[in-house]
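Notes for the structure review
Each chain is listed here by its residues.
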Amino acid sequence: MSDRELAHIRTRIGMVFQHFALWPHLSVLDNLTAAPLHVQRRPRGEVGEQAEALLRKVGLWHKRDTPPSRLSGGEKQRVGIARALMMRPVLLLFDEPTSSLDPELVGEVLTVMKTLASDGMTMVVVTHEMGFAREAATRIVFMDQGRVVETAEPETFFGKPATDRAHQFLARYESEKSRTQIR
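All of the points below concern the structure found in this document.

Focus: the nonpolar core
Residues L32, I81, L92, F94 and L116 are the most contacted members of the largest nonpolar core, which totals 33 residues. Sorting the residues of this core by element identifies helix 2 (28-38), helix 3 (44-57), helix 4 (73-85), strand 2 (91-95) and helix 5 (103-118) as the ones contributing at least two each. When residues in this core are grouped by element, the largest group, seven residues, is from helix 5. Setting aside anything within four residues of it in sequence, one finds L32 in contact with A51, L55, V79, A82, R83 and M86. Residues F158, A166, L170 and Y173 belong to the second largest nonpolar core, which totals 11 residues.

Set out below in structure tokens:
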């Protein structure tokens, strides 16, 4: 594959980072519009309309002029998702999108991601949110120490894991879930 082909493929993949990676000197709206305007050289009006639609979709149009420093973690992550979508990707990669959020903010981000999944967006999500994985995934790839241990549909993975390692992980997850529900 040539460098040019690889560069084209990269433009079709969106990335949502664990720690947001928003530009602190730009407003929410400018964070969304910078790449489509400068990298894709799309018309300002078209980009503005798309940014408004996406900010409304993630519930943040009212924050369009706000700098990232004045957003909650959940708001920053939703801006990060909208920013990735601005490039019209065919695939979205998520690196632990809820790991740096307070538990009450996790739901905000997962709701947006579930909507994307139901809209047909292809996503690869690295997560420890097993409830989300069970609900939204069409395929689970369970990894341990950088190696793929098991690949299965959610119903199979959660109901009858094929490997001892996956079984141990799920047993520990169920045990921790039970403890937090008791509190």
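Right, picking up where we left off after that structure.
Here we look at the packing of aromatic side chains
Remark: the centre distance and the inter-plane angle together describe each pair of aromatic rings, the angle taken between the planes. Throughout the structure, instances matching the rule amount to three aromatic pairs. With a centroid separation of 5.2 Å and an interplanar angle of 45 degrees, the aromatic rings of F142 and F169 are classed as tilted. Taken together, the residues F142 in strand 4 (residues 140-144) and F169 in helix 8 (residues 164-182) connect sequence positions 27 residues apart. You'll find F142 and F169 in the same group, each marked buried. Each ring, one from F157 and one from F158, has its centre 5.2 Å from the other, and the planes form 85 degrees; the classification is edge-to-face. There is no split in this pair, since F157 and F158 are both buried. A network of ring pairs unites the aromatic residues F142, F157, F158 and F169 as a single cluster.

About the cut-offs
Residues numbered from 1 in each chain as written. Predicted model: local features only at pLDDT ≥ 70, side-chain atom pairs only at ≥ 80, totals over all residues. Heavy atoms only, no water. Core = buried A, V, L, I, M, F, W, Y, C linked by side-chain atoms within 4.5 Å. Buried < 20%, exposed > 50% of the residue type's maximum accessible area, 1.4 Å probe, protein only. Helix = DSSP H or I, 4+ residues; strand = E, 2+ residues; numbered from the N terminus. Contact = heavy atoms within 4.5 Å. Phe/Tyr/Trp six-rings, centres within 6.5 Å; stacked < 30°, edge-to-face > 60°.

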